Amino acid sequence: MNMREQIEKYIKENQLNVSDESMWSFDESIEEELLYLISHGIKTATSSLYKFYEMENEDLPKVGNLSIITNSKGEYQVLIKIIRVEVVQFKEVSSEHAYKEGEGNRTLEYWKKVHIDFFNNELKEIDELLKDDDLVVLEEFKVLVGMKI
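Residues numbered from 1 in each chain as written. Predicted model: local features only at pLDDT ≥ 70, side-chain atom pairs only at ≥ 80, totals over all residues. Heavy atoms only, no water.

Colleague: Sorry if this is basic, but what is going on with the nonpolar core here?
Modeller: If you look at soluble globular proteins, the nonpolar side chains tend to sit buried side by side. In this structure, Leu-49, Phe-90, Val-93, Trp-111, Phe-119, Leu-130 and Val-136 are the most contacted members of the largest nonpolar core, which totals 13 residues. Taken together, the elements giving at least two residues each to this core come down to helix 5 (108-123) and strand 5 (135-146). Counting residues per element, this core draws most heavily on helix 5, which supplies 4 residues. Counting residues in hydrophobic clusters, the runner-up holds 10 residues, among them Phe-26, Leu-34, Val-78 and Phe-141. (Core = buried A, V, L, I, M, F, W, Y, C linked by side-chain atoms within 4.5 Å. Buried < 20%, exposed > 50% of the residue type's maximum accessible area, 1.4 Å probe, protein only. Helix = DSSP H or I, 4+ residues; strand = E, 2+ residues; numbered from the N terminus.)

Colleague: Looking at this structure, how should I read the sheet that holds strand 1 (residues 23-25)?
Modeller: Where strands meet in a sheet, backbone hydrogen bonds hold them as pairs that are either parallel or antiparallel. Judged by pairing direction, the sheet is mixed, and its 5 strands sit side by side in the order 1-3-4-5-2 without closing on themselves. Taken across any chain shown, the strands that pair with only one partner, and hence form the sheet edges, are strand 1 and strand 2 (45-49). Between one strand axis and the next, the sheet turns by 40° as a mean value, whatever way the strands run. In terms of strand pairing, strand 4 (residues 76-89) meets strand 5 through 11 bridges, oriented antiparallel. Residue pairing in the sheet places Ile-80 in a bridge with Val-143 of strand 5. Sheet strands touched by helix 1 (residues 3-13): strand 3 (66-70), strand 4 and strand 5. Its angle to strand 4, the strand with the most contacts, is close to 65°. Where helix 5 meets the sheet, its contacts fall on strand 2 and strand 5, and the angle it forms with strand 2 comes to roughly 40°. (Pairing = 2+ DSSP bridges. Axes fitted to C-alpha atoms, helices over the stretch in contact; angles between N-to-C directions. Contact = heavy atoms within 4.5 Å.)

Here it is as structure tokens:
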């Protein structure tokens, strides 16, 4: 049984509601690493800029939301459930959250360096740069169905 079939079976057996809008993927340049970290229980959190939820008039994630993370080819990789959501200023992101994101050496310093670059790259499209008081959406999740890759 492939991962799509496993995820669909789990959704059906547990009578869950997962919409097409809840499918997403990581940037292709880092997807392999991040999917590996998630599927091995190392990455249990993620973050995004609040500004883009506002600009796109999109709802913030909520505790209990389900998401299917795909790879860049649209193939199902994992089914996750959001267990915590917090909105904080960039400068207030904690070392605990950085550790849960699971990347690099898992320190806040590493998290900030990588996310300043990542967020600034996203903000280029609206001619802005990240500021310390920009809001960041922090999510924690647990994997319901996933594979070791």
